[in-house]
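Topology and contacts: notes
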Amino acid sequence: DSGVTQTPKHLITATGQRVTLRCSPRSGDLSVYWYQQSLDQGLQFLIQYYNGEERAKGNILERFSAQQFPDLHSELNLSSLELGDSALYFCASSSEVFNEQFFGPGTRLTVL
Amino acid sequence: AQSVTQLDSQVPVFEEAPVELRCNYSSSVSVYLFWYVQYPNQGLQLLLKYLSGSTLVKGINGFEAEFNKSQTSFHLRKPSVHISDTAEYFCAVSGSGGYQKVTFGTGTKLQVIP
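Nothing here was measured: the structure is a model prediction, and the numbers come from that model. (Residues numbered from 1 in each chain as written. Chains lettered and ligands numbered in written order. Predicted model: local features only at pLDDT ≥ 70, side-chain atom pairs only at ≥ 80, totals over all residues. Heavy atoms only, no water.)

1. Quick notes on the overall build of chain A
Helix and strand counts for chain A come out as zero helices and eleven strands. Counting from the amino terminus, chain A carries its helices and strands in the arrangement β-β-β-β-β-β-β-β-β-β-β. The dimensions of chain A, computed from C-alpha atoms along their principal axes, are 40 × 25 × 25 Å. Taken across its 112 residues, chain A has 53% of its residues classed as buried. Put simply, of all contacts in chain A between residues at least 6 apart along the chain, 54% involve residues at least 24 apart. Once the 8 positive and 12 negative side-chain charges of chain A are each reduced to a mean point, those two points are 4 Å apart. (Helix = DSSP H or I, 4+ residues; strand = E, 2+ residues; numbered from the N terminus. Buried < 20%, exposed > 50% of the residue type's maximum accessible area, 1.4 Å probe, protein only. Contact = heavy atoms within 4.5 Å. Lys, Arg positive; Asp, Glu negative; His and termini not counted. Charge placed at Lys NZ, Arg CZ, Asp CG, Glu CD.)

2. Considerations on the interface of chain A and chain B
Contacts between chain A and chain B engage 16 residues on the former and 21 residues on the latter. Summed over both partners, the interface of chain A with chain B buries about 1500 Å², with 54% contributed by carbon and sulfur atoms. Viewed at the interface, chain B and chain A are joined by one salt bridge. A:Glu100 is the partner of B:Lys49 in a salt bridge, and the nearest nitrogen-oxygen pair spans 2.4 Å. Scanning the region where chain A abuts chain B turns up five residue pairs in polar contact (both at pLDDT 80 or more). Where the side of chain A that touches chain B is concerned, the elements lending two or more residues are strand 4 (31-38), strand 5 (42-50) and strand 10 (101-103) of chain A. Partitioning the side of chain A that touches chain B into residue classes produces eight nonpolar, four polar and four charged. (Buried area = accessible area lost by both parts, 1.4 Å probe. Salt bridge = Lys/Arg side-chain N within 4 Å of Asp/Glu carboxyl O. Polar contact = N/O pair within 3.5 Å; in protein donor to acceptor, adjacent residues only side chain to side chain. Nonpolar A, V, L, I, M, F, W, Y, C, P; charged D, E, K, R; others polar.)

3. Brief notes about the pattern of salt bridges
Residue and element names in this part refer to chain B. Applying the stated rule across the entire model yields nine salt bridges over all chains. In this structure, Glu66 engages Arg77 in a salt bridge whose closest nitrogen and oxygen atoms are separated by 3.5 Å. With a gap of eleven residues between them, Glu66 in strand 8 (residues 64-68) and Arg77 in strand 9 (residues 73-78) connect regions that are remote in the sequence. Classification of Glu66 by relative accessible area gives partly exposed; the value is 34%.

4. Describing the packing of aromatic side chains
For the coordinates displayed, the defined rule picks out 13 aromatic pairs over all chains. Between A:Tyr35 and A:Phe103, the aromatic rings sit 5.4 Å apart at their centres with planes inclined by 35°, giving tilted as the arrangement. Taken together, the residues span a long stretch of sequence, with A:Tyr35 in strand 4 and A:Phe103 in strand 10 at a distance of 68 residues. A relative accessible area of 2% places A:Tyr35 in the buried class. Note on A:Phe103 and B:Tyr36: the rings are 5.8 Å apart at their centroids and 75° apart in plane angle, and the pair reads as edge-to-face. (Phe/Tyr/Trp six-rings, centres within 6.5 Å; stacked < 30°, edge-to-face > 60°.)

5. Some words on the nonpolar core
Residue and element names in this part refer to chain B. Counting residues in each nonpolar core, the largest one holds 28 residues, and the members touching the most others are Leu33, Trp35, Leu47, Leu48, Phe74, Leu76 and Tyr89. When residues of this core are traced back to their parent elements, those giving at least two are strand 2 (10-14), strand 3 (19-21), strand 5 (31-38), strand 6 (44-50), strand 8, strand 9, strand 10 (87-95) and strand 12 (108-113). Those residues in contact with Tyr89, other than ones at most four positions away along the chain, are Gln6, Leu21, Trp35, Tyr36, Val37, Leu47, Phe63, Leu76, Gly107, Thr108 and Leu110. (Core = buried A, V, L, I, M, F, W, Y, C linked by side-chain atoms within 4.5 Å.)

Here you go:
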């Protein structure tokens, strides 16, 4: 158990819909990262937040957005969903001293 | 900018045979290096890390990796694999020191054949 929690575990929705994925980091970690993992694209870094502020952006689509709240949990919002958005979405939190990341179990999103 | 190359996308190996998963990195600064493992339907978990000091790093489940600065490599090895080692393995690099960006490789799928 990494100490990072993600909900929900599975999500099935339709094209055009909007969903919210939630992540709680390990106790004491200020950074949260979001990744998308699919069979054709592999592990893709989406975005990082540090103590409530956006820190780095990766291959995140404009239809996707994220935020980190004062209690440090984070939400990833995916809107106008397309079939190609079906993937595993991972959240990770980081020990900033040594940069190692601790991953949650993931949310499997299926868009029908 | 930094990058990580995992040349082998898949590595099949017989049970109890040795295995080496290759990782090469590129960085203009000193680095920290990591190997993560992802078992089917699970998140990634840290296998081992190199921060400084001894270039041979031992991790969980009998894995070890050697940091080679001149060859900019951090290959992962295990002398005898088990069926339970079947998983995807990711190499990652960051600049040394805290608050550095981490870049992941594309992963190598290790398939252990009984």
